[in-house]
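# Chains, contacts and geometry: an overview
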Amino acid sequence: MHLFVFGQEYERSRLLEFIGSRQMQSGVLWGSKEPGCLVCTSGGKGGKRAGYSDELLADGSWWYFGQGLVGDQSLTNAANAKISSGKLSVLFFTTREPTAREVAARGGYGKLFSFRGEFNVVGFEPFVPSDGSRKGDRLWRFRLAPVGGDGDYWAGQDDMHKDGDIDLQEMQRRLSTGPIGTELGSSLQEYRQRSAAVHLYATLRANGQCEGCNLPAPFSRPDGRAFLEVHHMTRLADDGPDMPANVAALCPNCHRRAHYSSDRKEFGRILQERVTLLEQRIVVGQGFRQSGISN
C-alpha cells in the first residue's frame, strides 16, 4: 500500500525511494522494495514531438506507451516485458516541466510527477505514428484500467445465484483459469467483471469472519454480505483482478496490518497458509455453498 495522494506532485527521488530503485532512465521504474508494482511516468513533451502521447480516455483508463527510443519497440525489453506480463500493478504519474520560479526555489531542475492513481494492465496493442520523429515505427501501447470492483456482477448470474445461494466451488473453478489482465485485448468491461467476481468470491468464502483474526466483520453491506476488504497477497493494487488463492478477505484493522505493521511479512505468510487451507476445502466440497445474499 502506498501513501501517494491523488493530484499531488512529487520529485523523482520520492518515486525511486518508494520503489527501491536507482534507475537513471524515466518512464518505467521497478525495484526490490515493492516487487508487486511498477511506477510508470508519462512521456511529457517528448512523446508529442515524436508523434504519440499517453492518453486519458473517457472511461478513466489510460493508453500508456512502452519503452524504446529508437526504431520498433519490443515486448521483450525489460520494461515492456514487465508491463505486458499483467502480473504487476501500476502506479501512474503524469509529468510536468518545472517553472523558472520553481527551479530557482528548489535550487535545481527536475521534472515533477503528479499521481493519477493505481491501475492494472488489461491489454496492449501495436501503434504506428503517422507523423513526428517516430513516424513509421511500430510502438506498443498498454491499456491501464483504474483499480475497482464491488462484487455486484456475480450476484446477477443465473447459474451461480439461485434462491439466494452461490456455489463457491464453481466460482473457484471459473476464476482459477488466469487473471484476465494478462490477456491481449481484454475489454475494460471484462476486466471490471472479473475484479468484481474476485471480490465477491473472497467475501463469501470468509463467511462473515475476517480471514486474518477470525473475528466477525464489523458490519453488513446493504445486500446482507459481511463487510470485509479484499487484500491481494502478491500485488500492490488491492482492487485489481487476481486468482482466488491470492486474495484474503480482511477486516479493516487486519488489512492495515497486512500493509503497515512491523510483522507484515510474517502476517502475510500466515494469511497465505490460511487461504491455501480454505481453498483446499472448497476444492473437495467442504462448505462451498453460501446463502443469504439478496438479489
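First, a word on what this report is: a plain description of the structure on this page. Sequence order sets the numbering: in each chain, residues are counted from 1 along the sequence as written. Totals for whole chains, interfaces and linings use all residues, but because this is a predicted model, local features are given only for residues with pLDDT of at least 70 and pairs of side-chain atoms are given and counted only at 80 or more. Water and hydrogen atoms were dropped before computing side-chain values, which therefore reflect all heavy atoms in the structure.

This part covers the packing of aromatic side chains. Aromatic rings from Phe, Tyr and Trp, taking only the six-membered ring of Trp, are treated as a pair when their centres fall within 6.5 Å; an angle between ring planes under 30 degrees marks them as stacked, one over 60 as edge-to-face, and anything in between as tilted. In the structure shown here, the tally under the stated rule is 14 aromatic pairs. Where Phe4 meets Phe93, the ring centres are 5.2 Å apart and the plane angle is 85°; that geometry is what we call edge-to-face. A residue pair is termed long-range when its members are at least 10 positions apart, and Phe4 in the segment before strand 1 (9-11) and Phe93 in strand 6 (residues 89-96) qualify at 89 residues. Judged by relative accessible area, which is 6%, Phe4 ranks as buried. Whether a residue is buried, partly exposed or exposed follows from its accessible area with a 1.4 Å probe, protein chains only, as a fraction of its type maximum: under 20%, in between, or over 50%, in that order. We classify Phe93 as buried; its relative accessible area is 0%. Under the scheme used here, helices are H or I runs from DSSP no shorter than 4 residues and strands are E runs no shorter than 2 residues, and both carry numbers assigned from the N terminus.

On to the state of the cysteines. Disulfides are defined in this document as cysteine sulfur pairs within 2.5 Å. Scanning the model with the defined rule gives 0 disulfides in all. Cysteine Cys40 is unpaired, with the sulfur of Cys37 as its nearest cysteine sulfur at 9.1 Å. The class of Cys40 is buried, set by a relative accessible area of 1%. This cysteine, Cys254, is not joined by any disulfide, and Cys210 carries the nearest cysteine sulfur, 3.7 Å off.

Time to look at the packing of helix 5 (residues 168-175) against helix 8 (residues 264-283). For helices, the axis comes from a line fit to the C-alpha atoms of the stretch in contact; other axes are also lines fit to C-alpha atoms, and the angle between any two N-to-C directions lies between 0 and 180 degrees. As a packed pair, helix 5 and helix 8 sit with axes 9 Å apart at the nearest point and diverge in direction by 110°. Relative to helix 8, the element helix 5 lies roughly perpendicular. When you trace helix 5 past helix 8, the crossing you get is left-handed. Taking contact as the criterion, the partners of Leu168, Gln169 and Gln172 in helix 5 are, on helix 8, Glu279, Ile282 and Val283. Under this grouping Gly is polar, as are all residues other than the nonpolar Ala, Val, Leu, Ile, Met, Phe, Trp, Tyr, Cys and Pro and the charged Asp, Glu, Lys and Arg. Residue composition of the contact of helix 5 with helix 8, grouped by class: 3 nonpolar, 2 polar and 1 charged. Angles are sorted into four bins: roughly parallel if under 35 degrees, roughly antiparallel if over 145, roughly perpendicular if 65 to 115, and oblique for all others. Helix crossings fall into two classes, left-handed where the near helix is turned counterclockwise from the far one by less than a right angle and right-handed where it is turned clockwise. Only heavy atoms enter the contact rule, under which two residues are in contact if any of them lie within 4.5 Å.

One finds Leu228 and Leu250 to be the most contacted residues of the largest nonpolar core, which totals 27 residues. Contributions of two or more residues to this core are made by helix 5, helix 6 (188-206), strand 12 (247-250), helix 7 (252-260) and helix 8. Counting residues per element, this core draws most heavily on helix 6, which supplies 7 residues. With sequence-adjacent residues up to four places away left out, Leu250 is seen in contact with Cys210, Glu211, Gly212, Leu228, Glu229, His231, His255, Ala258 and Leu271. Val28, Leu88, Val90 and Val121 belong to the second-largest nonpolar core, a separate cluster that totals 16 residues. The term nonpolar core refers to a set of buried residues drawn from Ala, Val, Leu, Ile, Met, Phe, Trp, Tyr and Cys, joined through side-chain atoms within 4.5 Å.

So, on to helix 7. Among all positions in helix 7, only Cys254, His255, Ala258 and His259 are buried. End-on, the buried residues of helix 7 take up no more than an arc of 135°, which puts them together on one face. Close packing links the buried residues of helix 7 with strand 11 (229-232), strand 12 and helix 8. When we speak of the arc, we mean the arc of directions from the helix axis to the C-beta atoms.

Function cannot be read off these values alone, since they describe shape.
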